[in-house]
Amino acid sequence: MSTSLFNRIVNINNLEKAYRLSRKGKNKFNKEAMIFSQNETYNLRKLQQELLTGNYEFGEYNKFYVYEPKERLIHAPQYKDKLVQLAVNNVIKHIYQRCFIYDSYACIDNKGTHKAVDRVSYFMRKANWQYGKDAFIIKLDIKKFFYSIDRSILKKIIPKRIHCKRTLELLFDVIDSADRISPVGLPLGNLLSQLFANVYMNEFDQYCKRKLSIKYYVRYADDVIAILPNKEKALEILDLMKVFLKEKLALETHDEKTRIFPIRQGVNAYGFKIHKTHRLLRNDSKRKIKRKTKRMRISLREGRMTKEKCEQILNSWYGHAMHGNSYNFVNRLIERNDYIYRDHKDRLKVDLNKV
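Reading the values: the criteria
- Residues numbered from 1 in each chain as written.
- Predicted model: local features only at pLDDT ≥ 70, side-chain atom pairs only at ≥ 80, totals over all residues.
- Heavy atoms only, no water.
- Pairing = 2+ DSSP bridges.
- Helix = DSSP H or I, 4+ residues; strand = E, 2+ residues; numbered from the N terminus.
- Axes fitted to C-alpha atoms, helices over the stretch in contact; angles between N-to-C directions.
- Contact = heavy atoms within 4.5 Å.
- Parallel < 35°, antiparallel > 145°, perpendicular 65-115°, else oblique.
- Nonpolar A, V, L, I, M, F, W, Y, C, P; charged D, E, K, R; others polar.
- Salt bridge = Lys/Arg side-chain N within 4 Å of Asp/Glu carboxyl O.
- Buried < 20%, exposed > 50% of the residue type's maximum accessible area, 1.4 Å probe, protein only.
- Expected span 1.5 Å × (residues − 1).
- Arc of directions from axis to C-beta.
- Polar contact = N/O pair within 3.5 Å; in protein donor to acceptor, adjacent residues only side chain to side chain.

Draft legend 1. Main features of the sheet that holds strand β3 (residues 136–141). Taken in spatial order, the 4 strands make up an open sheet running β4-β5-β3-β6, and their pairing is antiparallel. With one partner strand each, in any of the chains shown, β4 (216–220) and β6 (259–262) form the two edges of the open sheet. Here the average twist between neighbouring strands, direction ignored, is 15 degrees. Taken together, the 4 bridges between β3 and β6 define a ladder with antiparallel strand orientation. Counterpart to K139 in the pairing with β6 is R259. Each of β3, β4 and β5 (223–228) touches helix α10 (residues 191–211); the most contacted strand, β4, lies at about 170 degrees to it.

Here's what the structure looks like:
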């Protein structure tokens, strides 16, 4: 069996590319990363040899919590294992992205939440023109998605596209490392978990597009939006979706977040309340930034936050907000927090004299 794919993964140029990617942002100050970088050429060659000789073993996970957008336990791989996953992802993502449907938007090159929002908005206009006021939206959310992925099912799906034995062994080693955490699910901290999730849910995407013939369908991770001609058809399709998820992928839908409703109501998805003609920031997003601007003012005053960090947070949120019809809300936010202002380049800045 060909090992050309595995050879591309362990090629020293690909490992060096993975190393450069790993050094972006604050991760370069990670203790393991700093130790590795002290003799990067030797360490990369050593890692390559471990992979080539079959002596590579996936290490233990580092555990920590994150609290945005909600509290979650993260299991992050050790630095060496992160490099291997980056190297694998560099190569195999191109194989899988070719087989994903166009309207899958999570963790795919040149996609993302804002393009998903654009697509939903476009589909709502098209569906309204085609189906009229009878159109209904399905909003489907999967319960504890990453924690519920059946690894045995995943390991049956992956060989449909990957035929290189040594690459499969390496991928299965990454997947099986999750046995140390729980009997089901994928670790949220693993880089390849994002790709594996898309590979897993691509089975559902193909079913919805090819078997159910849903014309207006968008998925971002485990959040699915579909628009159907009427209520009866929406109910029928939703039932078929639930059966497929349960029987083929061992997944359950989130009862409170999965429902159908008329298209005229708009849909809360991907950070916005999306309508046919416009989109608004979700109310919880507005509440969060209001609370955050108050806390940041206090943190700046007490010296617990730098001006640069505050401006970075504000402009990250501002960039998101400007994808919706949020101009008036942003203006009111600035008026209520006089230490924030727009500069001539339309960036949010902080005046420390007013803190």
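Draft legend 2. Representation of the packing of helix α12 (residues 283–301) against helix α13 (residues 307–321) within the structure. Look at α12 against α13: their axes get within 11 Å of each other, and the N-to-C directions meet at 170 degrees. In this view, α12 runs roughly antiparallel relative to α13, as classed from their interaxial angle. Across from S285, I289, K292, T293, M296 and L300 in α12, the residues of α13 making contact are K307, C310, I313, L314 and W317. Classifying every residue of the contact of α12 with α13 gives 7 nonpolar, 2 polar and 2 charged.

Draft legend 3. Quick peek at the pattern of salt bridges. Taken as a whole, this structure holds 18 salt bridges when the rule is applied. In this structure, K80 and E50 form a salt bridge, with 3.5 Å as the shortest nitrogen-oxygen distance. Of this pair, K80 sits in helix α5 (residues 79–97) while E50 sits in helix α4 (residues 40–53), and the two are 30 residues apart along the sequence. Given the relative accessible area of 31%, K80 is considered partly exposed. Three or more residues joined by partner-sharing salt bridges are found here, namely K307, E311 and K349.

Draft legend 4. Geometry of helix α9 (residues 165–176). Under the 1.5 Å per step criterion, the end-to-end length of α9 is 16 Å for 12 residues, consistent within 8% with the ideal 16 Å. All of the buried residues along α9 are T167, L168, L170, L171, V174 and I175. Seen from one end, α9 has its buried residues packed into an arc of 160 degrees, which puts them on one side.

Draft legend 5. Quick look at the side chain of T258. Position of T258 among the secondary structure elements: in the loop between α11 (231–249) and β6. Overall, T258 belongs to the buried group, its relative accessible area being 9%. A distance of 3.1 Å separates a polar side-chain atom of T258 from the backbone nitrogen of D141. The residues touching T258, leaving out its near neighbours within four places in the chain, are K139, L140, D141, L238, K242 and T253.

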